[in-house]
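Residue-level structure breakdown
Here's the letter readout for the chains.
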Amino acid sequence: MASRLSKAFSDEADHVGYVDAWLDRAATTPSPAQLITLFERTLGALWQRTEVTLGEVTLTAIVDRVLYTASEQYPLLSTLTVERAGISFDGLRTQGAHDTNLREALRLVLVEFLTVLGHLTDEILTPALHAELSRVALEGPGAVEGNDDDAGARS
Amino acid sequence: MKTRHPIPRVETGVRNLDAVFGGGGLPKGSVTLIAGPPGAGKTILAQQLCFHAASPKSRILYFNTLSEPTAKTLRYMKQFEFFDAKKLEQEFHFVDLGVIVRSMGLEQTSSLIMERIKKLKPSIVVIDSFKTFDDLAKSKDELRKFAYEVFVKLMAWEATALLLGEYGAHEQVTNPLFSVIDGLVTLTQRESSGEQQRFLQVVKMRGTPHNRDEHPFVITSSGIEVFAPRVTIHREPHGEEREPRCKTGIEKLDELLADGIPRGSSLLIAGVAGTGKTVMSLEFIYRGALAGEKGILFSFEETTERLLAAARGMGWDLAREIERGMIEMVFVPQPEIVVEGHLLMMRERAAALGARRVAVDSISVFLHKIKDPQIAREKVFQLASIVQNTAAVGFFTTDIPYGSNQISRFGVEETVVDGVILLSSTEEGFERQRYVEVYKLRNTAHLKGRHSMVIGEGGIKVFPRYAEDVAESPPAALGLAERLPSGIPGLDPLMGGGLLRRSATLLVGSAGIGKSTMGLQFILEGVTRKEPGLIFTLEESPEQLEATADALGMPLRRWVEKGLVEVVYLSRERVRSAQFLTILGDTILRLKARRVLLDGVAYMQRGSAEADDLRQLLNKLVARFKRLDVTSMLTAESRSLYFGDAITEGGFSPVADNLLVLRYVSLDDALAPAIRIVKTRGSEHDRSTYAFHLGKGGAHIARHPLKGAVHQAPSGKGSPARKSSRTKSRL
């Protein structure tokens, strides 16, 4: 069964809409620390999901591009670094936690990540990544809200 | 259902190359290696593509390595028409990696490359040459690692990459680079058909149904142009015939072609040198223009000036049709022929003009560099496809080798065209006579066999050996109700009251006995009945005939002047027997003649031709006369002076409805002319022999028949035949 999110954004390439809907539902008024944790976990989950298919070298190159592009718009993101296990948020926690653009900046990273991967794979991985995204929202400690319909995303 | 999105493409801007890639260009984000020896055109190809793709939204990053100083690259690049200084400033970024590669090694170079890519975010990245890294790598592993990292980063940035390098064919299996690239394009040059030619081959292109053939290409001031007719020229499905078929407009040729040539057809115009192929193709184009059909002639032999001069010689104002935009002439000198390139040129020119007629003179020269008949066949097929796809009609001339049984240069072209017109010539007497034969024409009931053809003022004139109506069914039987007076006093009562309408009467007799006079009487009688008359004379000139008529008080001259009688002299030196049917038929139609005299049929035959041929021709002539509602009289000279067993020595009896034999008889120890009616079809007739005399008004037949034996020659008398120089041996 498709999730409500999936139904709302039948166009798989509409990553912006998907991320916004997910973000609205997952974290209405989180603190900066909660927000960072939420994105750390989310991007970590997406990394795990993608690395299996694409491999570490390719994924590193893609994330490097995503972070580079996002940093041009939000310099605070230059504190994010790509490591073998994924994106490290340590720098951001110490230096950018109070930035007023934190939510938008992290949102951009997620959108860019999904968009670039979508382009490169002709959206082949998109359903799986969207499903992974929904799962994080439901299960993680950073999750704020959820409903039964989201169970479909896990199936 | 999930939608499948085609991989986006980068148009190359190189003519026909996108079609070779099979999908409209290079796949976006792919890494393609352009391999080839120095001077193969790798850099030009890459630069041409880059200039084409460069735009404010599509920037180019061009890395130059050790192979060539950037200054040189820029200087040479400026020579090409694709060079755009404005783009070079704004969208085309050159980076010289020479020093870095030499001093810092591969790892630093990789970082620098990525630095530049991140900064510019280019759509296309070129590394010229990547072979430099091969040379600098300490091991295959190092090269593999470097190449892989660079490619992955290029992929992550969605950059389409072109790597250039002097890689040989053997490296495709040994160099690790070849296993990680998405595409491989090789550029080579080698001798082909006696000259150096460049070839491009897409050996590998992931995710595309690319063509794997080698395709010739040239480098001109416009850049690279790839010729790939196998890829770009396809025969489109041939729909139903909706348009009227093409009539060539060449005199009488269309009679051979029956309904005409189906649109989309191509015909070979085949013959040895000098048989009129060029003239026929030229006239085909010219007549088309006069009929409102645009035409284009591609000449690989004669220059346009020479063709125009030839046209002027025929009386055609070809230059005016060119000015009117109805005709285009394209001359390609033989040494400059590039078959694949000119095939595409012909397609484009024909399409741009909207040509309904396409002539190629000649395909034997156009394809002269090709040694393999199968390749020649393929090229002719492509040419025919061009014609078919534009619904035009093509005339392709081809030289047949002397002394061969082929009907084309390569012996295979005829299998891919829709028709073949064979032109030939034979030596007859002191002249060469031309012939035309529609050897093959698909879906058309064309007239078979060889037909006489002449080329002269006005162009080509074909003389069909027989008309279609003659060939298909016999003429209707003579009606017995209507009889026409012969105009020869005393003759009609002997023939049941006159000549049946549409009948043919053959007068056979000795030289000077009065055959022509009787024929004139027959014609002049018709005039008094308002039946226009036509006299074809094969021996005497019209002036001589009129003088003879004057001497006998016959008003031939007057009726000629009034236009009711026309005398046509058919020179035995100029008119071939194969042309008579057409000439006579056309003249009868023009004058609307009702009576025809054909005086001296023996002269229709020349040289050593068989009597059978003449009989066949006379049969066709008589049948044609009857179909044209003409009552005819034919005269034939005989060497027999006296009545004997042989009635007609040439065996012409079956040809005519009426057979009248004129001979000499001995009367009162002198020779006198006499007539005997041997045959009248559909009538009772008098079988007696009648004397006649020639005097004022012509021949007058005696009222009473001669008595006793009349076939004996008088003893001791000289033969009149020996005094005649006109005695024909066959009659």
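Residues numbered from 1 in each chain as written. Chains lettered and ligands numbered in written order. Predicted model: local features only at pLDDT ≥ 70, side-chain atom pairs only at ≥ 80, totals over all residues. Heavy atoms only, no water.

Quick look at the overall build of chain A
Just so we agree on the cut-off: Counting from the N terminus, the helices are the DSSP runs of H or I reaching at least four residues and the strands are the DSSP runs of E reaching at least two. Using a 1.4 Å probe on the protein chains alone, a residue whose accessible area is under 20% of its type maximum counts as buried, one over 50% counts as exposed, and one in between counts as partly exposed. Note on definitions: a residue-residue contact is assigned when non-hydrogen atoms from the two residues lie within 4.5 Å. Areas reported as accessible are Shrake-Rupley estimates using a 1.4 Å probe. Residue values count occlusion only from the protein chains shown.
Per the secondary structure count, chain A includes eight helices and two strands. Counting over 155 residues, chain A shows a buried share of 49%. Taking as baseline every contact in chain A between residues at least 6 positions apart, the subset at least 24 positions apart corresponds to 68%. Counting every atom, chain A has about 7000 Å² of accessible surface; 51% of that belongs to carbon and sulfur.

Let's talk about the overall build of chain B
Across its full length, chain B carries 24 helices and 31 strands. Taking all 731 residues of chain B together, the buried fraction comes to 55%. Looking at chain B as shown, the accessible area adds up to about 31600 Å², and 50% of this sits on carbon and sulfur atoms.

Some details on the pairing of strand S6 (residues 124–128) of chain B
Residues and elements named next belong to chain B. Put simply, the rule reads: A strand pair is defined by DSSP finding two or more bridges across the two strands.
S6 sits mainly inside the fold: five of its five residues count as buried. Burial along S6 is two-sided: the residues Ile124, Val126 and Asp128 and Val125 and Ile127 are all buried. Inspection of the sheet shows S6 paired to strand S7 (residues 160–165) by five bridges, in the parallel sense. Across the sheet, the residue bridging to valine 125 is alanine 161, located in S7.

A short note on the interface of chain B and chain A
To be explicit about the condition: Reported buried area values correspond to the accessible surface (1.4 Å probe) lost by two parts on association, with both partners' losses combined. Put simply, a salt bridge is a Lys or Arg side-chain nitrogen that is within 4 Å of an Asp or Glu carboxyl oxygen. N or O atoms closer than or at 3.5 Å make up a polar contact, with two conditions inside protein: a donor-capable atom paired with an acceptor-capable one, and, for residues adjacent in sequence, both atoms drawn from side chains. Lys, Arg, Asp and Glu make up the charged group, whereas Ala, Val, Leu, Ile, Met, Phe, Trp, Tyr, Cys and Pro make up the nonpolar group; the residues left over, Gly among them, are polar.
The interface is formed by twelve residues belonging to chain B together with 15 residues belonging to chain A. Overall, the association of chain B and chain A removes approximately 1200 Å² of surface from exposure, summing both partners, and the carbon and sulfur fraction of that is 57%. Joining chain B to chain A, the criterion identifies three salt bridges. Our count for the chain B to chain A interface comes out at five residue pairs in polar contact (both at pLDDT 80 or more). The set of elements that each furnish at least two residues to the side of chain B that touches chain A consists of helix H5 (98–120) and helix H7 (140–156) of chain B. With five residues, H7 of chain B is the largest single contributor of residues to the side of chain B that touches chain A. Partitioned by chemical class, the residues of the side of chain B that touches chain A number five nonpolar, one polar and six charged.

Section: the sheet that holds strand S27 (residues 631–637) of chain B
Note: strands within a sheet are paired through backbone hydrogen bonds, in either parallel or antiparallel orientation. Residue and element names in this part refer to chain B. Filter applied, for reference: Between the N-to-C directions of two axes lies an angle of 0 to 180 degrees, each axis being a line fitted to C-alpha atoms and, for a helix, fitted only over the stretch in contact.
The nine strands lie next to each other as S25-S24-S26-S27-S23-S28-S29-S30-S31, forming an open sheet whose pairing is mixed. Bordering the open sheet on either side are strand S25 (565–569) and strand S31 (698–705), each of which pairs with just one other strand. The average undirected angle you get between the axes of adjacent strands in this sheet is 25 degrees. Summarising the sheet, strand S26 (residues 595–599) and S27 pair through five bridges and their orientation is parallel. Its bridge partner lying in S27, aspartate 599 is registered against threonine 635. Here helix H19 (residues 515–528) sits on the sheet and contacts strand S23 (504–509), strand S24 (533–537), S25, S26, S27, strand S28 (658–667), strand S29 (670–680), strand S30 (689–695) and S31; the angle it forms with S26, its principal contact strand, is near 165 degrees. Packed onto the sheet, helix H22 (residues 580–591) meets S24, S25 and S26 and runs at close to 155 degrees relative to S24.

Examining the nonpolar core
Inclusion rule: In this text, buried Ala, Val, Leu, Ile, Met, Phe, Trp, Tyr and Cys residues form a nonpolar core when linked through side-chain atoms within 4.5 Å.
Counting residues in hydrophobic clusters, the biggest one holds 81 residues, and the most contacted among them are Phe130, Phe133, Phe151 and Leu177 of chain B. Examining the composition of this core, we find that eleven residues originate from one element, helix H6 (residues 102–120) of chain A, more than from any other. With near-sequence residues (within four places) excluded, phenylalanine 130 of chain B lies in contact with Phe146, Ala147, Phe151, Leu163, Leu164, Tyr167 and Leu177 of chain B. By size, the runner-up hydrophobic cluster in this structure holds 42 residues, among which are Leu268, Phe298, Met346 and Val380 of chain B.

Regarding helix H13 (residues 304–314) of chain B
All names here are of chain B. Threshold: The reported arc concerns the directions from the helix axis to the C-beta atoms and nothing else.
Every buried residue belonging to H13 is among Thr304, Leu307, Leu308, Ala311 and Met314, and all of these are buried. The arc that holds every buried residue of H13, seen down its axis, measures 115 degrees, which confines them to one face. Set apart from the buried face of H13 by more than 90 degrees, the exposed residues are Glu305, Arg306, Arg312 and Gly313. In the core, the buried residues of H13 are packed alongside helix H12 (277–290), strand S13 (295–299), helix H14 (318–323), strand S14 (327–331), strand S19 (450–456) and strand S20 (459–463). At the exit of H13 stands glycine 315, carrying a positive phi of roughly 90 degrees.

Things to note about the packing of aromatic side chains
All names here are of chain B. For clarity, the threshold we go by: In this analysis, rings of Phe, Tyr and Trp, with Trp reduced to its six-membered ring, are considered paired at centre separations within 6.5 Å, and the interplanar angle assigns stacked below 30 degrees, edge-to-face beyond 60, and tilted for intermediate values. Over a ring means this: the NZ of a Lys or the CZ of an Arg is within 6 Å of the ring centre and within 35 degrees of the ring normal.
Scanning the model with the defined rule gives 17 aromatic pairs over all chains in all. The cationic tip of arginine 190 hangs over the ring face of phenylalanine 199; the distance from NZ or CZ to the ring centre is 4.1 Å. Sitting over the ring of tyrosine 435, arginine 450 keeps its end group 4.1 Å from the ring centre.

Things to note about the pattern of salt bridges
Side-chain pairs of opposite charge can arise where the charged atoms are in close proximity. Residue and element names in this part refer to chain B. Taken as a whole and assessed by the stated rule, the structure comprises 36 salt bridges over all chains. Lysine 277 is the partner of aspartate 399 in a salt bridge, and the nearest nitrogen-oxygen pair spans 3.0 Å. One end of the pair, aspartate 399, is in strand S16 (residues 393–399); the other, lysine 277, is in helix H12, and 122 residues separate them in sequence. Residue classification places aspartate 399 among the buried residues on the basis of a relative accessible area of 15%.

Section: unusual backbone geometry
Residues and elements named next belong to chain B. Residue serine 129 is bonded to the preceding aspartate 128 through a cis peptide linkage, with omega at 10 degrees. By the secondary structure assignment, serine 129 is in the loop between S6 and helix H6 (131–136). Between aspartate 361 and serine 362 the backbone carries a cis peptide bond, its omega angle lying at 0 degrees. By the secondary structure assignment, serine 362 is in the loop between strand S15 (357–361) and helix H16 (363–366). Residues other than glycine seldom take positive phi values, yet alanine 391 does so here, at roughly 55 degrees. Mapped onto the elements of the fold, alanine 391 is located in the loop between helix H17 (373–389) and S16. According to the relative accessible area criterion, alanine 391 is partly exposed, its value standing at 26%. Even without glycine at this site, lysine 530 takes up a positive phi of about 60 degrees. Structurally, lysine 530 can be placed in the loop between H19 and S24.

Thoughts on the environment of isoleucine 460 of chain B
Mapped onto the elements, isoleucine 460 of chain B comes out in strand S20. Here the alpha-carbon distance between isoleucine 460 of chain B and isoleucine 250 of chain B, two residues 210 residues apart in the chain, equals 6.4 Å.

Concerning helix H15 (residues 339–353) of chain B
Residues and elements named next belong to chain B. Keep this limit in mind: Take the number of residues in a helix, subtract one, and multiply by 1.5 Å to get its expected span.
Between its terminal C-alpha atoms H15 stretches 21 Å, which fits the 21 Å expected from 15 residues at 1.5 Å a residue. Three or more residues of H15 are buried, namely Val339, Glu340, Gly341, His342, Leu343, Leu344, Met345, Met346, Ala350 and Leu353. Downstream of H15 by one or two residues, glycine 354 has phi in the positive range, about 75 degrees.

Looking at the confidence of the model for chain B
Residue and element names in this part refer to chain B. Heads up, the condition is: pLDDT expresses how confident the predictor is about each individual residue, on a scale running from 0 to 100.
Residues with a pLDDT of 70 or more make up 89% of chain B, whose mean pLDDT is 84. When the criterion is pLDDT under 50, residues 714–731 qualifies, and its contacts beyond four places in sequence or with other chains add up to 39 contacts. Reported confidence for the predicted complex is 0.79 by ipTM and 0.64 by pTM.

Overview of the environment of isoleucine 36 of chain A
Structurally, isoleucine 36 of chain A is set in helix H3 (residues 32–54). Here the alpha-carbon distance between isoleucine 36 of chain A and glycine 96 of chain A, two residues 60 residues apart in the chain, equals 9.7 Å.

Structural notes on the confidence of the model for chain A
All names here are of chain A. Chain-level statistics for chain A give a pLDDT mean of 80 and a share of 78% at 70 or above. Segment residues 1–11: pLDDT under 50, and 19 contacts once partners within four positions in sequence are set aside and those in other chains are kept. Segment residues 142–155 is flagged for pLDDT under 50; beyond a separation of four residues in sequence, or across chains, it makes 33 contacts in the model.

Re the environment of glycine 23 of chain B
All names here are of chain B. When you line up the elements, glycine 23 lands in the loop between helix H1 (17–21) and strand S2 (26–27). The sequence separation of glycine 23 and isoleucine 7 amounts to 16 residues, and the corresponding C-alpha distance is 8.7 Å. With residues near it in sequence (within four places) discarded, glycine 23 still touches Arg9 and Asp18.

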